[in-house]
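What follows is each chain in one-letter form.
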Amino acid sequence: MKHLKLFLAIAGLVLCFTAGAQSQDAMRLNEYLVVNTDDFQDDFGQQNAWIELFNSSYGTVDIAGCFLSDDPANLKKYAIPGGDLMTKIKPRQHVLFWADNQPFRGTFHVSFDLANAKEIIFTKGDGKTIIDRIPVRHDLGENVTFGRIEDGIGSTDGSGEGWAVQTRTSPSTNNALIDKAAKPDRMKEIDPYGWVLALTAMSVVFLALILLYFIFKAIGNANIRAGKKRSAAAAGTDVKESAYGEIPGEVYAAIATAMHLYQQDDENHDEESFVVTLHHTDRTYSPWSSKIYTLRQTPQVNKRR
Amino acid sequence: MGHILDNLKAFWQFTGFANFEWGYLIMIIIGCAFIFMAIKYEWEPMLLVPIGFGILIGNIPLFAGLNVGVYEEGSVLNILYQGVQRGFYPPLIFLGIGAMTDFSSLIANPKLLLIGAAAQFGIFGAYAISLALGFDAAQAGAIGIIGGADGPTAIFLSSRLAPTLMGAIAVSAYSYMALVPVIQPPIMRLLTTKKERLIRMKPPRPVSPTEKKLFPIIGFLLTAFIVPSGIPLLGMLFFGNLLKESGVTKRLANTASGPLVDIVTILIGVTVGASTQASQFLRWESVKIFIIGALSFVIATFAGVLFVKFFNLFLKEGNKINPLIGNAGVSAVPDAARVSNNVGLEYDPKNYLLMHAMGPNVAGVIGSAVAAGMLLGFLG
């Protein structure tokens, strides 16, 4: 039972970590453009500053209710509205917000611009917990962005570690070009003979089944101990166990004796004719149509004494 | 008269005779061989009859555009084939397997789980051979799973990693599963001494209902947390088993292990068979897959038996495991366990190994599902 509790605690912990990994905490400020004269246009055909966010997790994250701001004193400057399916960001995907100070244009137009902003801050739905922040650089020039070298990787405390001036703008797409081959091809490159995958996967298969072994060994032992206690309590004394530890030897002896007696027909069993006979029985009365079985019971009146 | 002759000519163009190619005849012969093996020798008849007849259905020479072929989008066969292509038949079969499997022998003697793990070497041995024979990594993973001796898992994984090879992989997996009584015994005899074959194992202890109820829950949580990509198979397998063991969902368990699994087996068998159209199937690649499939079963049997021998080095006298149950680590349930029992009886007519062999056999089902999850995670 002790082992079971331990397992449940570990399972709970793992669950918490997994759940956390796919929460709003996984969102990252990923890239921004301050002066947009010849870059990406919004749905209204206008070129404005933009801020890109990236979902660094492998689960969908809903950012509705989170906040974007350019002012550390007012973290709730722009609340990302709920009720918009577009705020559910798919795993490892990007989302672009237009910093045009025109929030009436839709969910992805924030209520500030970057012309005089010192910092961009992304805050959790509680309005207090800062998930990510980055200072705004005004020395970048036109149509030059500042972003993470690799999507989602780097600091979240505003130190700018892992950020760099980008050689090209990449709104709503990866900052670093992914010119890697597909997963299986990479696997064949890394592991041309298949030994690495074989050893890794076999280790995992063994690990899973070894864990199951330990858990069920522990449960089995606990069950045997409980069985012994019950037997002892029922007998009022310690019953000597068989070599297998679960069924008392006396039980085996009783079964063997019973079987032996059963096999000795003349001692334990009378002779059978092995002839099955069906006797026809006439019943003149059948209650199927009797009124007495179809009527409700007559109510009885209890007289007061 | 001329008009009638024109119509007859047009009709002739639609017939199988007009569109005949030798490849179709070869496949029809293979289909008939499957049906023959199933009826004459009763080798996996539940699988080989539907697959065999499916091969006949899929290899009637067709006039393209009739919209009846399994690969013609929107045709009836194509709609039924979606269960294979999109991979929703295999988890349903796993539900049935779970609902009809008794894990008692495994719970009673959990060390048998490790034999089920060892036999999965067949999968990765086949993966390495496939890479050496020039398949890409995803195709190699799909081919490798044949070594798990688990038809639904093979279909599930190949539908995701190498859909073009699925027909050959599925037919190969099911064929070798049917041939387990032919492939495994010589290897078992080769690797064991007479003394080892005579080892008598302790009878398994009785398992309490609570343990049986806990097994699917803990088993699922643990394996799924380790390999989430195996959730469709592991989830359904353990869910089916919980239906059986909970004691309060008897009707659901009966449906899952009876009518549901029968229906899905029919559909999966016929559609997999039908997917082996000569044009898709009769390729050099298919021949290679069949060779690798045979080797994977051999490797799995070697690994299972040798692992038991190795394991015995650490076990006390009286607790030793009969290495003849090592072959049962492949998940061909219950054929592999039956093979262990039959070979054991050849040497000691009173040594019934069936219950002991069922332990590694069902562990093999779990092991192959975990291995499939790993392959999907690495290559999918």
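None of these values were measured; they are calculated from a predicted model.

Reading the values: rules and limits
- Residues numbered from 1 in each chain as written.
- Chains lettered and ligands numbered in written order.
- Predicted model: local features only at pLDDT ≥ 70, side-chain atom pairs only at ≥ 80, totals over all residues.
- Heavy atoms only, no water.
- Buried < 20%, exposed > 50% of the residue type's maximum accessible area, 1.4 Å probe, protein only.
- Helix = DSSP H or I, 4+ residues; strand = E, 2+ residues; numbered from the N terminus.
- Contact = heavy atoms within 4.5 Å.
- Salt bridge = Lys/Arg side-chain N within 4 Å of Asp/Glu carboxyl O.
- Pairing = 2+ DSSP bridges.
- Axes fitted to C-alpha atoms, helices over the stretch in contact; angles between N-to-C directions.
- Buried area = accessible area lost by both parts, 1.4 Å probe.
- Polar contact = N/O pair within 3.5 Å; in protein donor to acceptor, adjacent residues only side chain to side chain.
- Nonpolar A, V, L, I, M, F, W, Y, C, P; charged D, E, K, R; others polar.
- Phe/Tyr/Trp six-rings, centres within 6.5 Å; stacked < 30°, edge-to-face > 60°.
- Lys NZ or Arg CZ within 6 Å of the ring centre and 35° of its normal.
- pLDDT = per-residue confidence, 0-100.
- Core = buried A, V, L, I, M, F, W, Y, C linked by side-chain atoms within 4.5 Å.
- Patch = residues over 30% accessible without salt bridge, like charges linked within 9 Å, V, L, I, M, F, W, Y side chains within 5 Å.
- Areas by Shrake-Rupley, 256 points an atom, 1.4 Å probe, with all protein chains shown as cover.
- Parallel < 35°, antiparallel > 145°, perpendicular 65-115°, else oblique.
- Left-handed = near helix turned anticlockwise from the far one by under 90°.

Remarks on helix H15 (residues 231-246) of chain B
Residues and elements named next belong to chain B.
Then step 1. Buried within H15 are the following residues: Leu233, Leu234, Gly235, Leu237, Phe238, Gly240, Asn241, Leu243, Glu245 and Ser246.
Then step 2. Each element contacted by the buried residues of H15 is listed here: helix H5 (89-100), helix H10 (151-161), helix H14 (209-226), helix H16 (250-274) and helix H20 (354-379).
Then step 3. Phi turns positive, to about 80°, at Gly247, one or two residues after H15.

Re the pattern of salt bridges
Residues and elements named next belong to chain A.
Then step 1. Counted by the stated rule, this structure contains 13 salt bridges over all chains.
Then step 2. Arg148 serves as the salt-bridge partner of Asp132, at 2.6 Å between the closest nitrogen and oxygen. Here Arg148 lies in strand S10 (residues 145-148) and Asp132 lies in strand S9 (residues 130-135), a separation of 16 residues in the sequence.
Then step 3. Accessibility expressed as a relative area gives 0% for Asp132, which makes it buried.
Then step 4. Arg137 is the partner of Asp139 in a salt bridge, and the nearest nitrogen-oxygen pair spans 3.2 Å.
Then step 5. For Asp139, a relative accessible area of 53% corresponds to the exposed category.

A look at the side chain of Ser130 of chain B
Then step 1. Within the element layout of this structure, Ser130 of chain B appears in helix H8 (residues 121-132).
Then step 2. Each residue touching Ser130 of chain B, except ones within four places of it in the same chain, is listed here: Phe135, Ala140, Ile143 and Ile292 of chain B.

Side note on the sheet that holds strand S1 (residues 27-33) of chain A
Residue and element names in this part refer to chain A.
Then step 1. Judged by pairing direction, the sheet is antiparallel, and its 5 strands sit side by side in the order S7-S2-S1-S10-S11 without closing on themselves. Across the chains shown, the open sheet's two edge strands, defined by having one partner strand only, are strand S7 (94-99) and strand S11 (163-165). Neighbour-to-neighbour, the strand axes of this sheet turn through a mean angle of 25°, independent of strand direction.
Then step 2. In this structure, S10 lies alongside S11, joined through 3 bridges in antiparallel fashion. Along S11, the bridge assignment pairs Gly147 with Ala164.

Observations concerning the interface of chain B and chain A
Then step 1. Residue-level contacts link 46 residues of chain B with 40 residues of chain A.
Then step 2. When the two sides are added together, the surface that chain B and chain A hide from each other amounts to roughly 3,700 Å², 84% of it contributed by carbon and sulfur.
Then step 3. Looking at the side of chain B facing chain A, the largest losses of area belong to Ile218, Leu222 and Phe378 of chain B, adding up to 15% of the total buried there.
Then step 4. Counting the contacts that link chain B with chain A gives 0 salt bridges.
Then step 5. Counting every contact that joins chain B to chain A gives 3 residue pairs in polar contact (both at pLDDT 80 or more).
Then step 6. Elements that contribute at least two residues to the side of chain B that touches chain A include exactly helix H7 (113-118), H8, helix H9 (137-144), H14 and H20 of chain B.
Then step 7. The biggest single contributor to the side of chain B that touches chain A is H20 of chain B, with 10 residues.
Then step 8. For the side of chain B that touches chain A, the class distribution of residues is 32 nonpolar, 9 polar and 5 charged.

Topic: the packing of aromatic side chains
Then step 1. Scanning all chains against the criterion turns up 21 aromatic pairs over all chains.
Then step 2. Taken together, Phe216 of chain A together with Phe103, Phe215 and Phe238 of chain B form an aromatic cluster joined through their ring pairs.
Then step 3. One Lys or Arg, Arg137 of chain A, reaches over the ring of Phe146 of chain A and ends 4.9 Å from the middle of that ring.

Description of the sheet that holds strand S5 (residues 78-79) of chain A
All names here are of chain A.
Then step 1. Pairing within the open sheet is antiparallel, and its 4 strands lie in the order S5-S4-S8-S9. Edge positions in the sheet fall to S5 and S9, since each has one partner strand and no second.
Then step 2. Across 5 bridges, strand S8 (residues 119-123) lies against S9 in antiparallel orientation. Bridge pairing in S9 places Ile120 opposite Ile134.

Some details on the environment of Gly258 of chain B
Residues and elements named next belong to chain B.
Then step 1. Take Gly258: it is sitting in helix H16.
Then step 2. Here Gly258 falls in the buried class, since its relative accessible area comes to 16%.
Then step 3. Between the C-alpha atom of Gly258 and that of Ala99, which follows or precedes it by 159 residues, the distance is 9.0 Å.

Some thoughts on the pairing of S10 of chain A
Then step 1. Of the strand pairs in this sheet, S1 of chain A and S10 of chain A are connected by 3 bridges, and their pairing is antiparallel. Counted as the bridge partner of Tyr32 of chain A is Phe146 of chain A from S10 of chain A.

Focus on the confidence of the model for chain B
Then step 1. Mean pLDDT over chain B works out to 89, with 100% of the residues at or above the 70 mark.
Then step 2. Scored as a whole, the predicted complex attains pTM 0.65, and scored at its interfaces, ipTM 0.85.

Here we look at the nonpolar core
Then step 1. Membership of the largest hydrophobic core comes to 128 residues, with the highest contact counts inside it found for Leu106, Ile321 and Ile366 of chain B.
Then step 2. With 14 residues, H20 of chain B is the single largest residue contributor to this core.
Then step 3. Among all residues touching Leu106 of chain B, those that are not within four sequence positions of it are Leu112, Leu113, Phe215, Gly359, Val362, Ala363 and Ile366 of chain B.
Then step 4. In this structure, Leu114, Ile134, Leu140 and Trp163 of chain A belong to the second largest nonpolar core, which totals 30 residues.

A few points about a nonpolar patch on the surface
Then step 1. On the surface, a nonpolar cluster with roughly 470 Å² of combined accessible area is contributed by Phe14, Ile60, Leu62, Phe63, Leu66 and Val68 of chain B.
Then step 2. Here Phe14 of chain B is to be found in helix H1 (residues 2-14).

Some words on unusual backbone geometry
Then step 1. Positive phi is not limited to glycine here, since Ser172 of chain A has a value of about 60°.
Then step 2. Tracing the chain through its elements places Ser172 of chain A in the loop between S11 and helix H2 (183-190).
Then step 3. The phi torsion at Ala149 of chain B lies on the positive side, around 55°, for a residue other than glycine.
Then step 4. One can find Ala149 of chain B in the loop between H9 and H10.

Remarks on the packing of helix H12 (residues 180-191) of chain B against helix H19 (residues 335-347) of chain B
Residues and elements named next belong to chain B.
Then step 1. Following both chains from N to C, one finds H12 and H19 inclined at 50°, their axes separated by 10 Å at the closest point. Relative to H19, H12 is oriented oblique. For the element pair H12 and H19, the recorded crossing hand is right-handed. Along its contact with H12, which presents Val180, Pro181, Gln184, Pro185, Met188 and Arg189, the element H19 presents Asp335, Ala336, Val339, Ser340, Val343, Glu346 and Tyr347.
Then step 2. Along the lines of polarity and charge, the residues of the contact of H12 with H19 split into 8 nonpolar, 2 polar and 3 charged.

Here's the deal with the packing of H2 of chain A against H20 of chain B
Then step 1. Where H2 of chain A meets H20 of chain B, the closest approach of the two axes is 8 Å, and the angle between their N-to-C directions is 95°. One way to sum up the angle between H2 of chain A and H20 of chain B is to call them roughly perpendicular. Between H2 of chain A and H20 of chain B, the residues in contact are Lys183, Pro184 and Met187 of chain A and Gly377, Phe378 and Leu379 of chain B, respectively.
Then step 2. Grouping the constituent residues of the contact of H2 of chain A with H20 of chain B by class yields 4 nonpolar, 1 polar and 1 charged.

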